[in-house]
Amino acid sequence: MKAQDHNKLLGIVFLIVGGLQLMNMLFCLLMLPVFLQQTAALRRAPNFPVAFFIGIMIGVVAFSFLMGTLDLLAGYGILKRKAWGRTAGIIAAIPSLLGIPLGTALGVYTLWFMTSDKGKNFYLSGGNETYLPPPPQSWSQT
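Conventions adopted
- Per chain, the residues get numbers from 1 upward, laid out in the order the sequence is written.
- Thresholds applied to this predicted model are a pLDDT of at least 70 for local features of residues and 80 or more for the giving and counting of side-chain atom pairs; totals over whole chains, interfaces and linings are not thresholded and use all residues.
- Each side-chain value is derived from all of the structure's non-hydrogen atoms; neither hydrogens nor water enter the calculation.
- Each helix corresponds to a stretch of at least 4 residues labelled H or I by DSSP, and each strand to a stretch of at least 2 residues labelled E; elements are numbered beginning at the N terminus.
- Each residue after the first adds 1.5 Å to the expected span of a helix.
- Each residue is assigned to one of three classes by its accessible area relative to the maximum for its type, calculated with a 1.4 Å probe on protein chains only: buried under 20%, partly exposed between the two thresholds, exposed over 50%.
- N or O atoms within 3.5 Å of each other form a polar contact, as long as, within protein, one can give a hydrogen and the other can take it, and as long as residues adjacent in sequence are counted only when both atoms are side-chain atoms.
- The nonpolar core is taken to be a set of buried Ala, Val, Leu, Ile, Met, Phe, Trp, Tyr and Cys residues, with the residues joined through side-chain atoms within 4.5 Å.
- Axes, fitted as lines to C-alpha atoms, cover a helix only where it is in contact. Angles between the N-to-C directions of the axes lie from 0 to 180 degrees.
- The cut-offs work like this: below 35 degrees is roughly parallel, past 145 is roughly antiparallel, 65 to 115 is roughly perpendicular, and the gaps in between are oblique.
- By definition, any crossing whose near helix is turned counterclockwise from its far helix by less than a right angle is left-handed, and any crossing with a clockwise turn is right-handed.
- Working rule for contacts: check all heavy atoms of both residues, and any pair within 4.5 Å makes them a contact.
- For this classification, Asp, Glu, Lys and Arg are treated as charged, while Ala, Val, Leu, Ile, Met, Phe, Trp, Tyr, Cys and Pro are nonpolar and the rest, including Gly, are polar.
- Two rings belonging to Phe, Tyr or Trp (six-membered ring only in the last case) form a pair when the distance between their centres is within 6.5 Å. Interplanar angles under 30 degrees mark stacking, angles over 60 mark edge-to-face geometry, and anything in between is tilted.
- Patches in this entry comprise residues that are over 30% relatively accessible and not in a salt bridge; like charges within 9 Å are linked, as are nonpolar side chains (Val, Leu, Ile, Met, Phe, Trp, Tyr) within 5 Å.
- A 1.4 Å probe and the Shrake-Rupley method give the accessible areas. Residues count as covered only by the protein chains that appear here.
- A carboxyl oxygen of Asp or Glu within 4 Å of a side-chain nitrogen of Lys or Arg is what we treat as a salt bridge.

> Please clarify how helix α2 (residues 50-79) should be interpreted in this entry.
Note that an α-helix has 3.6 residues per turn; residues three or four places apart therefore point the same way. If you check α2, its first and last C-alpha atoms are 43 Å apart, about what 30 residues at 1.5 Å a residue would give, namely 44 Å. Those residues of α2 lying buried are V50, I54, M57, V61, S64, M67, G68, D71, A74, G75, G77 and I78. Just beyond α2, the residue with positive phi is R81, at close to 55°.

> How do you make sense of unusual backbone geometry when you look at a structure like this?
A negative phi angle characterises most non-glycine residues, just as the trans form characterises most peptide bonds. Between I100 and the following residue, P101, the backbone shows a cis peptide bond with an omega angle of -5°. Within the secondary structure, P101 is located in the loop between α3 (83-96) and α4 (102-115). In this model, R81 sits at a positive phi of 55°, which is unusual for a non-glycine residue. Inspection of the secondary structure puts R81 in the loop between α2 and α3. Assessed through its relative accessible area of 34%, R81 is described here as partly exposed.

> How do you make sense of the side chain of S116 when you look at a structure like this?
The residue S116 is located in the loop between α4 and α5 (117-124) in this model. Only 3.2 Å separates the side chain of S116 from the backbone nitrogen of G119, close enough to count as a polar contact.

> I'm lost on the nonpolar core in this one. Help?
Generally speaking, a soluble globular protein has its nonpolar side chains buried in company with each other. Residues A3, L10, F14, A74, I78, A88, A92, L106, F113, M114, F122 and Y123 constitute the largest nonpolar core, which totals 12 residues. Mapped by element, the contributors of at least two residues to this core are α1 (3-42), α2, α3, α4 and α5.

> Even after reading the chapter, I still don't get the packing of α3 against α4, so can you show me in this structure?
Between two packed helices, both the angle of their axes relative to each other and the distance between the axes serve to describe the pair. Axis separation between α3 and α4 bottoms out at 8 Å; the angle between their running directions is 150°. Between α3 and α4, the angle falls in the class roughly antiparallel. Read as a crossing pair, α3 and α4 show a hand that is left-handed. Packed against α3, whose contacting residues are R86, G89, I90, A93 and S96, the element α4 presents G103, T104, G107, T110, L111, M114 and T115 at the interface. Considered class by class, the residues forming the contact of α3 with α4 number four nonpolar, seven polar and one charged.

> Help me out: how do you make sense of the packing of aromatic side chains in this one?
Aromatic ring pairs are described here by two measures, namely the spacing of the ring centres and the angle between the planes. Under the defined criterion, the tally for this structure stands at three aromatic pairs. Pairing F122 with Y123 gives two aromatic rings, centres 5.4 Å apart and planes at 85°, and the pair type is edge-to-face. By relative accessible area, F122 is classed as buried at 2%.

> How should a nonpolar patch on the surface be read in this particular structure?
A surface patch of nonpolar side chains, amounting to about 830 Å² of accessible area, comprises I12, L15, I16, L20, M23, L73, Y76, L79 and W84. Those elements that provide at least two residues to the nonpolar patch are α1 and α2. If one sorts the elements of the nonpolar patch by residue count, α1 sits on top with five residues.

> Please clarify how the environment of L66 should be interpreted in this entry.
Residue placement: L66 occurs in helix α2. Residue L66 is classed as exposed on the basis of its relative accessible area, which comes to 54%. Taking the C-alpha atoms as reference, L66 lies 8.9 Å from Q21; in sequence the two are 45 residues apart.

> Where do I start with the packing of α4 against α5 in this structure?
At a closest axis distance of 4 Å, the pairing of α4 and α5 adopts a crossing angle of 65°. When α4 is examined against α5, the residues F113, M114 and T115 are found in contact with a partner set consisting of D117, K118, G119, K120 and Y123. Residues that form the contact of α4 with α5 fall into these classes: three nonpolar, two polar and three charged.

Okay, structure coming up:
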């Protein structure tokens, strides 16, 4: 595969993962009133940590929003071959490593491509395959 193909695949996958994360966030937001209604009966039970569970639900919503936004931003930057797309892809790949097994595969693949010479040259050239870095100054004739 060429660097353009790797880049396109990564951009599409990050957009899909980001969309799924935001759908997860919306589902949790829709379920929050149901959750609160169900825990209303449990509030009468002694020693039931309702505030703890509400905090967990809010944390899940915030985390899903953060990760979804980060993945969508990385996917957009990668697909549009922006200079910051490589950095955003690396940043988005690191937390995705914790999502065993598919997130780990995405994170490893992203880090492999973005840190390889092929990926570096692709982004240094602005998305052009034929970029060759300039020779070191020690090669120049004086």
